[in-house]
Structure formats: structure tokens, C-alpha cells
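What follows is the residue order along each chain.
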Amino acid sequence: MAGALLLGVNIDHVATVRNARDERNPSPVFAAQVAEQAGADLITMLLRKDRGNIRDEDVRLTRALLQTRLNLEIALDPELLAFAIDQAPSDVCLVPETRDDAGIWSGLDVRGRRQEIGEYVRKLHAANIRTSIFVDPDFEQIRLCHALGVSVVELHTGRYSRARDRKSKELEYARIKVAAEYAANLGLVVNAGHGLNYHNVEPIAAIPQVEELNIGHAIISHALIAGLPTAVREMKMAMTRARLQNRPPLDDDEEH
């Protein structure tokens, strides 16, 4: 039987709203605390090279105040690496660089940047930081992650989330499912995320090898209407329901 599924709440888009007027509110730090109190198992933050959303001080304060885990996402940049090691979050996830709010629509190319990624992994491990790599659900990429010595991979669910017709969605779901099985068989912890929302999360949550989902935009968007505690609780309930009921993939009520 699959174990409990963890929810990482990505609070980047709280910073998007704050930065739109260069104000102090809404505070990503306070949002992280509220999400934690509402049931988030960890808080995820993407620190971009251009500091377009989350800023250094957001990370420092959140790191100091959280009672749960902080998962800091960074690109392959020496300054970001040094900052991550200095702050020592529980987790660092290596991701592709993004320069705008459109998001990351492909995983990190481990095959093309193996030596560089290996150096980052070694330095993060030396700092006793659990390290994951954000990759497409591709066997070769996963195998290379394992060879580099990471204990965690995060599977990119963006293509699944963006698929509009049922055939495409089924194909992308199948890729994620077999990739999760492959990674788990290698002994890797399997996380997943990107583009997941209240309508498409349950099939992914039902994959028994997936241990953690990182979700941001959908939760923060819903929070604008329903409030952040409600948005976090409703996502956590949807995930838990799917895991406990072993929900069949892509039921008819999944498409809205």
C-alpha cells in the first residue's frame, strides 16, 4: 500500500503580486507560515537569478521561521549555489533557469550538463543538503540522476498538465507513471510537480511511487478567492482521497 503523500506549497506567486507594485505585501514569508499551519508538509520557493519573484530576504526569513521543510529551487548558477549552501535549507532542487513568470516547461538536461550538475550535487551533499533534480519523465535522464548520486528526482508534469485532448493526456500520464516506477526501482525518492491543479492532480497523486507533489500556481490562484488555508486544505484532501482510494487514472470527472 502506498504511503502518505506530501504536499509542498510553492509560494512564488505571492511574491509576484507583491512585486507588481514593489510593496511589502502580500508577504511570501507570512504566506509560508499560513500554508504550513493549514497542512502543507513543506514550503517550496524558486530563487531566480534575476530575483524576479522570491528575494534573498524571503528565503532567509522563511528558513528561520518554518517548522517544516524548506525546498529551495535554484538554477545552475554559482551565486545561487553559494546562497543555498549558506542558508542550508533541508532540500535543494536543481531546475532550469527561467527568466519570466511563464514557468519552466522542460526538465533540466542532465545528459547535456552532467559534469556541471555533478559538481553542484557534490557541493550540496557536502553541506548536508538533500538534493533533487527536476527532470522530464525520461529513463535516461533519471538513470543519469541516479549515477550522479542524488537521492531524489522530481518528475516534470507540465506536458501532462497542458494536454488538452484525452489521448495526449493519457500518453503523458503513462510516461509519468512508468518513469516513477523506474526511478523507484533504482532506489530514488520520487517527487512530481508543475502545472498540477485541483482538476488534474488526482491521477498523479494515485501513483504509489510518488511521495511528494509541489504545487504553487493553482493553490495561490484559488487562495485569491477562497483564502490560502482553504486552498491548501482542499488540495491536500484531493491528494489524500486519490491515494487512499487508489483512484483510477483519468476518470471522466477529471476533465473540466
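These numbers come from a predicted model, not from an experiment.

(A) Structural context of the pattern of salt bridges. Considering all chains together, one arrives at 18 salt bridges under this definition. Among the salt bridges present, the one from Arg111 reaches Glu140, with a minimum N-O distance of 2.7 Å. Taken together, the residues Arg111 in the loop between strand S4 (91-94) and helix H5 (114-126) and Glu140 in helix H6 (residues 139-148) connect sequence positions 29 residues apart. Between Arg113 and Glu116 there is a salt bridge; the shortest N-O distance is 3.0 Å. Take Arg113: its relative accessible area is 35%, and that puts it in the partly exposed class. Take Glu116: its relative accessible area is 29%, and that puts it in the partly exposed class. One salt-bridge network, held together by shared partners, links Arg69, Asp91, Arg130 and Glu212.

(B) Seen up close, the packing of aromatic side chains. On inspection of all chains with the given rule, the structure shows 2 aromatic pairs. With 4.3 Å between their ring centres and 10° between their planes, Phe139 and Tyr182 make a pair best called stacked. Pair noted here: Phe139 is in helix H6 and Tyr182 is in helix H8 (residues 166-185), with a separation of 43 residues, a long-range link. Residue class for Phe139 comes out partly exposed when judged on its relative accessible area of 40%. Taking the centre distance of 6.4 Å and the plane angle of 50° together, the rings of Tyr160 and Tyr173 count as tilted. You can see Tyr160 sitting in helix H7 (residues 158-162) and its partner Tyr173 sitting in helix H8, a full 13 residues away along the chain.

How each quantity is defined
Residues numbered from 1 in each chain as written. Predicted model: local features only at pLDDT ≥ 70, side-chain atom pairs only at ≥ 80, totals over all residues. Heavy atoms only, no water. Salt bridge = Lys/Arg side-chain N within 4 Å of Asp/Glu carboxyl O. Helix = DSSP H or I, 4+ residues; strand = E, 2+ residues; numbered from the N terminus. Buried < 20%, exposed > 50% of the residue type's maximum accessible area, 1.4 Å probe, protein only. Phe/Tyr/Trp six-rings, centres within 6.5 Å; stacked < 30°, edge-to-face > 60°.

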